[in-house]
Amino acid sequence: MPDPLVLAADVETELVEKRSRFLTRLHRVESPEQAEALIRAARREHPDARHHCTALVLGETLQRAEVHRSSDDGEPSGTAGMPMLQALLHAGLIDTLAIVIRYFGGIKLGAGGLLRAYTAGVEQAITAAELHCRTSLVVAELEVSLAEIGLAENAVRLWADAHGAQVEPTAYTSRAATLTVLVAPELLAALRADVARWSSGRVAVDETGRRMADVALEATDPPQSS
C-alpha cells in the first residue's frame with residue numbers, strides 16, 4: 001500500500017453551486033475529541049448556515065483502530081457526509097477532518113446535485129492543500145569530534161536539504177557530538193557515501209532504528225541521476 005498523506009496545514013476553500021455556498025475546511029486532527037471541538041467552533045462561527053456536514057479519517061495507532069466517520073447534518077442521507085468521506089479516502093488522506101458549511105441559495109440541487117457539490121468541495125480543498133507523506137524513515141546517527149562539528153553540521157544539512165532528509169538538533173557530550181538524520185531507507189547508502197567523502201572515512205553512519213515522519217511530497221522521490 002502507498003504511504004498515507006496528511007495535511008501540512010489547514011485549508012479553507014469555497015464553491016458556489018446554484019447560489020448555494022459550500023465552504024470547505026480541512027483540518028489536521030489527532031483524535032475524535034479534537035474533531036468535535038472544531039465542528040462546534042464551525043457552528044459557532046457560521047450559525048446561519050443551513051448545514052455543517054463532516055467527514056473524519058484517523059489513521060490506526062497503538063491506542064486505537066482506524067476511524068472513519070461522517071455526518072449529513074440534515075441533508076438527504078448519503079448525499080453529503082459519505083461522499084466527503086470517500087473523497088478523503090480516495091486521496092489517501094488520514095488524520096483529517098473535512099467540514100463543509102452550506103449556505104442554502106434558494107434553489108434545490110437534488111440528491112445527485114448535492115452529492116456532486118459536496119464531493120467537489122472536498123476535492124477542491126484537497127487540491128488547494130499542501131500535503132505531506134507519512135512514511136518510515138531510517139534514524140541515522142553520526143558521532144563526530146567537537147573539533148569537526150562545524151564541518152559535519154554544515155555538510156549534513158546541505159546533504160539533507162538536497163535529499164529531503166530531516167536533521168534533528170545536535171546532541172553534545174564533553175568529548176563528542178552526535179548528529180541525527182531521518183532519511184529514506186533507499187538514501188542511506190548515499191548518506192554514508194557523502195559522509196565518508198567529507199570526513200575522509202573517519203566518521204561512520206549508524207542505523208539506530210526507524211521512525212514515522214511526515215515528509216513533503218517532492219522529498220519522497222529520490223533525485224534522478226542525469
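Calculation notes
Residues numbered from 1 in each chain as written. Predicted model: local features only at pLDDT ≥ 70, side-chain atom pairs only at ≥ 80, totals over all residues. Heavy atoms only, no water. pLDDT = per-residue confidence, 0-100. Contact = heavy atoms within 4.5 Å. Core = buried A, V, L, I, M, F, W, Y, C linked by side-chain atoms within 4.5 Å. Buried < 20%, exposed > 50% of the residue type's maximum accessible area, 1.4 Å probe, protein only. Helix = DSSP H or I, 4+ residues; strand = E, 2+ residues; numbered from the N terminus. Salt bridge = Lys/Arg side-chain N within 4 Å of Asp/Glu carboxyl O. 1 Å grid on protein atoms, 1.4 Å probe; cavity = no way out; pocket = protein on both sides within 12 Å on 5 of 7 lines; lining within 4 Å. Points joined across faces, edges and corners; volume = space filled by probe spheres on them. Nonpolar A, V, L, I, M, F, W, Y, C, P; charged D, E, K, R; others polar.

### A look at the confidence of the model for the chain
On average, the chain scores 93 in pLDDT, and the residues at 70 or more come to 96%. Within the model, pLDDT remains below 50 along residues 219-226, and this stretch shows 9 contacts once partners closer than five positions in the same chain are excluded.

### Section: the nonpolar core
Grouped together as the largest cluster of nonpolar side chains are 29 residues, with contacts concentrated most on L26, M84, L88, Y118 and V122. Counting residues per element, this core draws most heavily on helix α3 (residues 110-128), at 6 residues. Setting aside residues no more than four positions away along its own chain, Y118 makes contact with F22, H51, C53, E75, T79, A80, M84, V100 and R102.

### Here's the deal with the pattern of salt bridges
One pass over the structure, following the stated rule, counts 13 salt bridges. Across the pair R43 and D73 runs a salt bridge, and its minimum N-O distance is 3.2 Å. Here R43, found in helix α1 (residues 32-45), pairs with D73, found in the loop between β5 (67-71) and α2 (81-91); they are 30 residues apart in sequence, far enough to count as distant. Where salt bridges share partners, they join R28, R64, D95, R134 and D214 into one cluster.

### Looking at unusual backbone geometry
For residues besides glycine, phi is generally negative; the peptide bonds are generally trans as well. If you check the backbone angles, R19 has positive phi at about 75 degrees while not being a glycine. Inspection of the secondary structure assignment puts R19 in the loop between β2 (11-17) and β3 (20-28). Of the residues examined, R19 reaches a relative accessible area of 59% and is grouped as exposed. The phi dihedral of D95 falls on the positive side, at around 50 degrees, and the residue is not glycine. Here D95 shows up in the loop between α2 and β6 (96-103). Using a relative accessible area of 9% as the deciding quantity, one classes D95 as buried.

### Some points on the layout of surface pockets
A volume near 600 Å³ is recorded for the largest pocket. P4, G59, E60, E66 and I94 are, among the 22 residues lining the largest pocket, the residues nearest its centre. Of the residues that constitute the lining of the largest pocket, the class distribution is 11 nonpolar, 3 polar and 8 charged.

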